[in-house]
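Listed here are the chains, written in short residue letters.
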Amino acid sequence: MAITPARKQITETVERYVRRKILKAIFPSAPADLVKKADTLKAGILGRKTGYSLGLYNREQKLLLTNEEVAAALPLEKLKGFSPAFVLKSHSDRARFGVTAEGRVVEFKGTTPAEFYPDKTNPNSGDPEGLLSLEAARNEARGLTLIGELETQVVDLGEVFTAYKGFAQLYRAGKAGNRYFPWLRLDSPLTVIQLLAELEGKSLEQFLFESGERAGRQLKKLHDAGYTLHNPWREGEILGRRARAPLTFSSLHPANVEIHGNLVDTEGMRTFEAAKELFWRRLSEDPKVDLDPAEKKDYETGRKSPAYFSRLCDIQRFIGGAHKLDRSLLGVLGERQFLSLLSGLLKGYYRAPDGEIRPIIEELKESFTRARTRAKTLPIQSTHLRILSRLEPAA
């Protein structure tokens, strides 16, 4: 159907209505001028490039039908309990976000397309476009349950529609008192983070410190349970081309951490032992590995435990990137704001007193000042020697 000027105007009017309704529900006490700015900001507090759609939501089942053709195919008795809901679309088109009347954000990862093509897969997940495998959904729910700061539930779509056998929908939502805006991640533009901080009545430094502290606390829970996101065998789309990722690769990049510091997308987590097996397999099969010789020697002689190395890789990918061209938090936030977030991260992860964290932050700050150009990445050697080894002297 051709998009006429009148149809385009109606669509834009409805989308503007949806945005304002959602913003009002999320920020009921925020000043009107800030809410208006949130609606008109080019980058968009609501991720304006994502668009919106209408779905059918079953609150009891925690299930969202994202396609009207799929909903129409259900018997009438199975449609009981469903009600219409406006939802936002994710950039990957694999998730939908809704907001309750009380301003609570709920998310549904894994859509219900009318048709899909098994051979047309997402290079990162390996699943058909828009779908989430049942195995990945269960693994992610396991990780989120271990962390314990988000509500989560898995719906086996194959039990609802036979065509979706092997696929699922994952429900995620913030628990009481925990803000959760899954369409915004910590790699968002600084202007968006600044405005969100203002909407929540905080300074930018306080917002970033709290986000870092929450991320550190949640990552420590994952690590304490014996799990990591380090994947030495990762192969896929890296920086726009198919390539073998470095041995230090972790899926814990800033785009996999919600803007308030909530860890999400834990579908690829594995045990430290599994990461160790992948590491040695990769090392024996691929002699041209991207690993510092000193790191390799440490690993081979046992002076550094596999669990330590995996934890280092997780933290490194989050704060410094896994590749020279990777988008690191240091490059996104700038040196000053990066140090605010890093202070919170170390506080949340190590529960160390300020007296132990402050010298590390001051040393990094001084190194940034001495540099001739603005730092955009933090090498893994710096993360190991200047941060982790200082707080874990026995490692």
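See above for the structure.
These remarks concern the structure in this document. For clarity, every value in this text was computed on a predicted model and none was experimentally measured. All chains use their own residue numbering, which begins from 1 and follows the written sequence. Selection of residues for local features in this predicted model requires a pLDDT of at least 70, selection of side-chain atom pairs for listing and counting requires 80 or more, and totals for whole chains, interfaces and linings are taken over all residues. Derived side-chain values reflect all non-hydrogen atoms in the structure, with water molecules and hydrogen atoms excluded from consideration.

A look at the pairing of strand S5 (residues 105–109)
Selection rule: Partly exposed describes any residue whose relative accessible area lies between the buried limit of under 20% and the exposed limit of over 50%, with all areas from a 1.4 Å probe on protein chains only and scaled to the type maximum. Working definition: helices are DSSP H or I runs of at least four residues, strands are E runs of at least two. Numbering for both runs from the N terminus. In this scheme, strands are said to pair when DSSP sees at least two bridges between them.
Within S5, five of the five residues are buried, which leaves it mostly tucked inside the rest of the structure. Relative to S5, strand S4 (residues 95–99) runs antiparallel, the two sharing five bridges. Considered in S5, the bridge of Val99 is made with Val105. From the end of S4 to the start of S5, which pair antiparallel, there are five residues, and Gly103 there has a positive phi angle of about 85°. Pairing of S5 with strand S8 (residues 167–174), which is carried by four bridges, proceeds in the antiparallel orientation. Bridged to Val106 within S8 is Ala173.

Considerations on the packing of aromatic side chains
Applicable threshold: For this analysis, a ring pair means two rings from Phe, Tyr or Trp (six-membered ring only for Trp) whose centres lie within 6.5 Å, classed as stacked if their planes differ by under 30 degrees, edge-to-face if by over 60, and tilted for the remaining angles. Geometrically, a lysine NZ or arginine CZ counts as sitting over a ring once it is within 6 Å of the ring centre and also within 35 degrees of the ring normal.
Scanning all chains against the criterion turns up 11 aromatic pairs. Arranged with centres 5.6 Å apart and planes meeting at 0°, the rings of Phe181 and Trp183 form a pair that is stacked. By the burial criterion, Phe181 is buried, and Trp183 matches it. One aromatic cluster is present, formed by Phe27, Phe97, Phe181 and Trp183 through successive ring pairs. Cation over ring: Lys62 sits above Tyr171, and NZ or CZ is 5.4 Å from the ring centre. Lying over the aromatic face of Tyr349, Lys220 brings its terminal NZ or CZ to 5.8 Å of the ring centre.

Side note on the pattern of salt bridges
Test applied: We define a salt bridge as a contact between a side-chain nitrogen of Lys or Arg and a carboxyl oxygen of Asp or Glu at a distance within 4 Å.
Going through the model one piece at a time under the given rule, you end up with 25 salt bridges. With its nearest N and O atoms 2.8 Å apart, the salt bridge here joins Lys109 to Asp265. Here Asp265 lies in the loop between strand S11 (241–244) and strand S12 (270–271) and Lys109 lies in strand S5, a separation of 156 residues in the sequence. The class for Asp265 is buried, based on a relative accessible area of 14%. In this structure, the salt-bridge partner of Glu366 is Arg370, at a minimum N-O distance of 3.3 Å. Of this pair, Glu366 and Arg370 both sit in helix H12 (residues 354–370), four residues apart, roughly one helical turn. Owing to a relative accessible area of 55%, Arg370 belongs among the exposed residues under this scheme.

Some thoughts on unusual backbone geometry
Positive phi, close to 60°, is recorded for Lys62, a residue that is not glycine. Its place among the elements puts Lys62 in the loop between strand S1 (52–58) and strand S2 (63–65). With a phi close to 55°, Asp265 is a non-glycine residue in the positive phi region.

Topic: the nonpolar core
What counts here: By convention a nonpolar core is built from buried Ala, Val, Leu, Ile, Met, Phe, Trp, Tyr and Cys residues, the set being connected through side-chain atoms within 4.5 Å. Contact definition: two residues touch when any of their heavy atoms are within 4.5 Å.
Judged by nonpolar contacts, the single largest core of 69 residues is most densely connected at Ile45, Phe318, Phe338 and Leu342. Looking at this core, the element that brings in the most residues is helix H11 (residues 335–350), giving eight residues. Apart from residues lying up to four places away in sequence, Phe338 is in contact with Ile319, Leu329, Leu330, Leu333, Phe368 and Leu378. If you look at the next biggest cluster of nonpolar residues, it comprises 12 residues, including Leu63, Val70, Leu131 and Leu157.

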